[in-house]
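# Observations on the three-dimensional arrangement
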Amino acid sequence: MSTERLPSTDEYYMGIAFAVREKANCTGNRVGAVIVKGNRVVSTGYNGVPEKMTNCLDGGCLRCTNPSGQFPSGTGYDLCICVHAEQNAILSAARFGIAIEGATLYTTMQPCFNCAKEMLQTKIARVVYLHPWVPSDEDAEMDRLKKAEYAKIMANIKQERLVLEDPRASWAVRSLRPSS
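Here's a quick rundown of the structure. (Residues numbered from 1 in each chain as written. Predicted model: local features only at pLDDT ≥ 70, side-chain atom pairs only at ≥ 80, totals over all residues. Heavy atoms only, no water.)

### Quick word on the pairing of strand β4 (residues 126–131)
Put simply, the rule is: Using a 1.4 Å probe on the protein chains alone, a residue whose accessible area is under 20% of its type maximum counts as buried, one over 50% counts as exposed, and one in between counts as partly exposed. A run of H or I in DSSP becomes a helix once it reaches four residues, and a run of E becomes a strand once it reaches two; helices and strands are each numbered from the N terminus. DSSP-based pairing: two strands are paired if at least 2 bridges between them are found. Think of it like this: strands point away, you trace from the first strand over the helix to the second, and a clockwise trace means the crossover is right-handed.
A large share of β4 lies buried, amounting to six of its six residues. Inspection of the sheet shows strand β3 (residues 104–109) paired to β4 by five bridges, in the parallel sense. Bridging from a neighbouring strand, T107 pairs with Y129 of β4. Assessed by its sense of winding, the connection that carries the chain from β3 through helix α3 (residues 113–121) to β4 is right-handed. In the sheet, β4 pairs with strand β5 (residues 158–161) via four bridges, with the strands oriented parallel. Counterpart to Y129 in the pairing with β5 is R161.

Laid out in structure tokens, this is it:
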């Protein structure tokens, strides 16, 4: 009789999000997302540029190729062409006519402000995330306002941080990467 513990349902689906994340093509954070409804994976997404665009890692995104020079932290997001993992999962479900109302979204990083709005609008009921998201604005007042508005949005979605080892954290999370 084996004493090895089986993964919980949340750990299982986060493992799938880890696998999806491997396709992420962004110089920033690399994120994978999985939408689950009725205990079935209905959609997945990873972050990167839209189809038919030059990949971010190949210089396709103006903002991502100039992270600290022309576009310091917290600026130039309106020029970033990358689509977030959560957005890609939601858009893929929509493209194929899959209803996601009441679903759970598993993501390797806590959804940002814009993804949270989209999750609320599409009626995602629950989000399970691994790494926390922290707004990167350097303006303290804007950071305070953004956090307050984010809290209002997320008050409508059950969220849980999953405590789980991420074997590729230093590859996936920009703030955990060694300085070069």
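### Some thoughts on the environment of I98
In plain terms, the rule: Whether two residues are in contact is decided by their heavy atoms, any of which lying within 4.5 Å being enough.
With respect to the secondary-structure elements, I98 resides in the loop between α2 (85–95) and β3. When the C-alpha positions of I98 and V42 are compared, they lie 7.2 Å apart, and in sequence the two are 56 residues distant. Apart from residues no more than four positions distant in its own chain, I98 is found in contact with V42 and A93.

### Observations concerning the packing of aromatic side chains
The criterion, for reference: Only the six-membered ring of Trp is used, alongside the rings of Phe and Tyr, when aromatic pairs are assigned; centres must lie within 6.5 Å, and planes under 30 degrees apart are stacked while those over 60 apart are edge-to-face, with the rest tilted. Both a distance and an angle decide whether a charge sits over a ring: NZ of Lys or CZ of Arg must be within 6 Å of the ring centre and within 35 degrees of the ring normal.
This model, assessed by the stated rule, comprises three aromatic pairs. Relative to Y106, the ring of Y13 has its centre 5.3 Å away and its plane inclined at 35°; by these criteria the two rings are tilted. With a gap of 93 residues between them, Y13 in helix α1 (residues 9–21) and Y106 in strand β3 connect regions that are remote in the sequence. For the pair shown, Y13 and Y106 are each scored as buried. An aromatic cluster is defined as three or more aromatic residues linked by ring pairs; in this entry it consists of Y12, Y13 and Y106. Directly above the ring of W171 sits R168, whose terminal nitrogen or CZ lies 4.2 Å from the centroid.

Interpretation in functional terms is not warranted from these geometric data alone.
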